[in-house]
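Breakdown of the fold
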Amino acid sequence: LTPVYLKTSYWDDPVLGRVPSVFTIHNVAYQGQFGTDTLEIVGLPTHVGADFALGYHDGIRYLKGGTAFAEKVTTVSPTYALEIQGPEHGFGFQDVVRGRSEDLVGILNGVDYDEWDPANDGRIAKRYSPRGLAGKKANKADLLKAFGLPSEPDLPVVAAISRLVWQKGFDIVAEAWWDLLQRPMRMVVLGTGDAAVQAGLADLAGRDPSRFAVHFAYDESLAHRVMAGADIFLMPSRSEPCGLTQMYALRYGTVPIVRSTGGLADTVEPYDGAAGAGTGFRFETADGTGLVWALDQALGAYADRKPWTGLLKRGMSRDFSGDRSAQAYLDLYARARRQV
């Protein structure tokens, strides 16, 4: 509501009346829906409940206040900025966002490489970098031990670290259990979420406990070990405003498989073996067919070690640091100041 207060309660203040605001939509599905009587509680005039302001479907939406009243509106990735202007990802709010399209900018979130970099990560079994990848093997052994999986035969390890919910697409993973059991791979899952999704993943692990394991918890230390020890990282989100874990995976040489949406599409470049290009694998359809297709592409590439090493090194070289994001915001703030 800060942009709303600036334009209503403080419009004639000699200082605050000239302060611009920038509002960030992280996830448009969460809109802050309340009744119109809330306006009195938060100290806003009744007319702010009209359709031109916070009014929305016989109530008010805080999200609309920020979107309509700020000088600039941002989201956390360029692709998500486009997606939320359409019905699939707009959650009914697409017309409001589209009305601010000229002032809407998508800026990727940044990664803290002081915390997430295998070259200086004190939580993993052995540090490594693109110049020396031997530590990957030691971390893989550590990961398998942590999840109680055997190290032989040597199979690629597919990992997931996530909230296990519909938005993140892990019901798709659970429903594809038969296809996953047929693939030459091991899989570990770390996270918590919906009971039904957890039950489906637990059932998958129970069908072949020598290759599939789950740990339903939030464990940051274990997350670092998973990121360092896995070969492939799975992120099948139906909607993903930005995502950070795929960027962590790239830095750790853990090749991502992602659905082509939001920040996942902006950060993972499709693999092209013939051209020696790309940093991971993407699929379009949010279903088991798309997921398994991308998984097969990744498993096929893994079998050819030299190109695979080039693939993971390209990912490790990408820069998604917070410094880049910060500069983009500074540039945006300068433009916002010129509007007041």
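Residues numbered from 1 in each chain as written. Predicted model: local features only at pLDDT ≥ 70, side-chain atom pairs only at ≥ 80, totals over all residues. Heavy atoms only, no water.

1. Remarks on the overall build of the protein chain
Within the protein chain, the regular secondary structure consists of 16 helices and 12 strands. Over its C-alpha atoms the protein chain spans a radius of gyration of 23 Å, differing by no more than 12% from the 20 Å that the globule rule assigns to 340 residues. When its C-alpha atoms are laid out on the principal axes, the protein chain stretches across 70 × 40 × 35 Å. A buried classification covers 53% of the 340 residues belonging to the protein chain. Expressed as a percentage of contacts within the protein chain between residues at least 6 apart in sequence, the contacts between residues at least 24 apart total 72%. Element-wise, carbon and sulfur atoms account for 53% of the exposed surface of the protein chain, whose accessible area totals about 15400 Å². Of the charged side chains in the protein chain, 35 are positive and 40 negative; the average position of the first set lies 7 Å away from that of the second. (Helix = DSSP H or I, 4+ residues; strand = E, 2+ residues; numbered from the N terminus. Rg over C-alpha atoms; globule rule 2.2 N^0.38 Å. Buried < 20%, exposed > 50% of the residue type's maximum accessible area, 1.4 Å probe, protein only. Contact = heavy atoms within 4.5 Å. Areas by Shrake-Rupley, 256 points an atom, 1.4 Å probe, with all protein chains shown as cover. Lys, Arg positive; Asp, Glu negative; His and termini not counted. Charge placed at Lys NZ, Arg CZ, Asp CG, Glu CD.)

2. Comments concerning the packing of aromatic side chains
Aromatic rings in a pair are described by how distant their centres are and how their planes are angled relative to each other. Under the definition given, this model contains seven aromatic pairs. With 4.7 Å between their ring centres and 40° between their planes, Phe34 and Tyr62 make a pair best called tilted. Remark: Tyr62 occurs in helix 3 (residues 62-69) and Phe34 occurs in strand 2 (residues 33-34); sequence separation between them is 28 residues. Judged by relative accessible area, which is 38%, Phe34 ranks as partly exposed. (Phe/Tyr/Trp six-rings, centres within 6.5 Å; stacked < 30°, edge-to-face > 60°.)

3. Some remarks on the pairing of strand 9 (residues 212-215)
Both strand 8 (residues 186-190) and strand 9 contribute to a ladder of four bridges, which runs parallel. Each bridged residue has a counterpart across the sheet, and for Leu190 the counterpart in strand 9 is His215. (Pairing = 2+ DSSP bridges.)

4. So, the side chain of Ser129
With respect to the element layout, Ser129 can be found in the loop between strand 6 (104-106) and helix 7 (135-146). Take Ser129: its relative accessible area is 14%, and that puts it in the buried class. Every residue in contact with Ser129, bar those within four places of it in the chain, is listed here: Ala119 and Met316.

5. Observations regarding the sheet that holds strand 2
Ordered by their spatial adjacency, three strands build an open sheet running 2-4-3, and the pairing between neighbours is antiparallel. Two strands close off the open sheet at either side, each with one partner strand: strand 2 and strand 3 (55-56). The sheet contact formed by strand 3 and strand 4 (residues 59-61) spans two bridges and is antiparallel. In the sheet register, Gly55 faces strand 4, and the bridge partner there is Ile60. Seen against the sheet, helix 3 touches strand 2, strand 3 and strand 4 and runs at an angle of roughly 60° to strand 4. (Axes fitted to C-alpha atoms, helices over the stretch in contact; angles between N-to-C directions.)

6. Some words on helix 15 (residues 305-317)
Its 13 residues give helix 15 an end-to-end C-alpha distance of 18 Å, which sits within 8% of 18 Å, the value for a rise of 1.5 Å per residue. Residues Trp308, Leu311, Leu312, Arg314, Gly315 and Met316 constitute the buried set of helix 15. (Expected span 1.5 Å × (residues − 1).)

7. Quick word on helix 11 (residues 220-229)
In terms of residue burial, helix 11 counts as a mostly covered element, since seven of its 10 residues are buried. Its buried side turned inward, helix 11 meets helix 7, strand 7 (157-161), strand 8, strand 9, strand 10 (232-235) and helix 12 (245-251). Its side-chain oxygen placed 3.3 Å from the backbone nitrogen of Ser221, Asp219 serves as the N-cap of helix 11. (Polar contact = N/O pair within 3.5 Å; in protein donor to acceptor, adjacent residues only side chain to side chain.)

8. Things to note about the pattern of salt bridges
Working definition: two side chains of opposite charge can pair if their charged atoms are close together. Enumeration over the complete set of coordinates arrives at 18 salt bridges. As a salt-bridge pair, Asp296 and Arg183 come within 2.9 Å of each other at their nearest N and O atoms. In this pair, Asp296 sits in helix 14 (residues 288-302) while Arg183 sits in the loop between helix 9 (177-181) and strand 8, placing the two residues 113 residues apart along the sequence. The exposure class of Arg183 is buried, given its relative accessible area of 18%. In this structure, Glu269 engages Arg318 in a salt bridge whose closest nitrogen and oxygen atoms are separated by 2.7 Å. One end of the pair, Glu269, is in the loop between helix 13 (262-267) and strand 12 (281-283); the other, Arg318, is in the loop between helix 15 and helix 16 (322-337), with 49 residues separating them in the sequence. Relative accessible area serves as the criterion here: at 30%, Glu269 is assigned to the partly exposed category. (Salt bridge = Lys/Arg side-chain N within 4 Å of Asp/Glu carboxyl O.)

9. A short note on the nonpolar core
Counting residues in hydrophobic clusters, the biggest one holds 71 residues, and the most contacted among them are Leu180, Met187, Val226, Ile257 and Trp308. With eight residues, helix 14 is the single largest residue contributor to this core. Once residues within four sequence positions are removed from consideration, Leu180 is found in contact with Val173, Met185, Met187, Leu204, Arg211, Phe212, Leu291 and Leu295. Within the second largest apolar cluster, 14 residues are counted, among which are Tyr56, Val73, Phe93 and Leu104. (Core = buried A, V, L, I, M, F, W, Y, C linked by side-chain atoms within 4.5 Å.)

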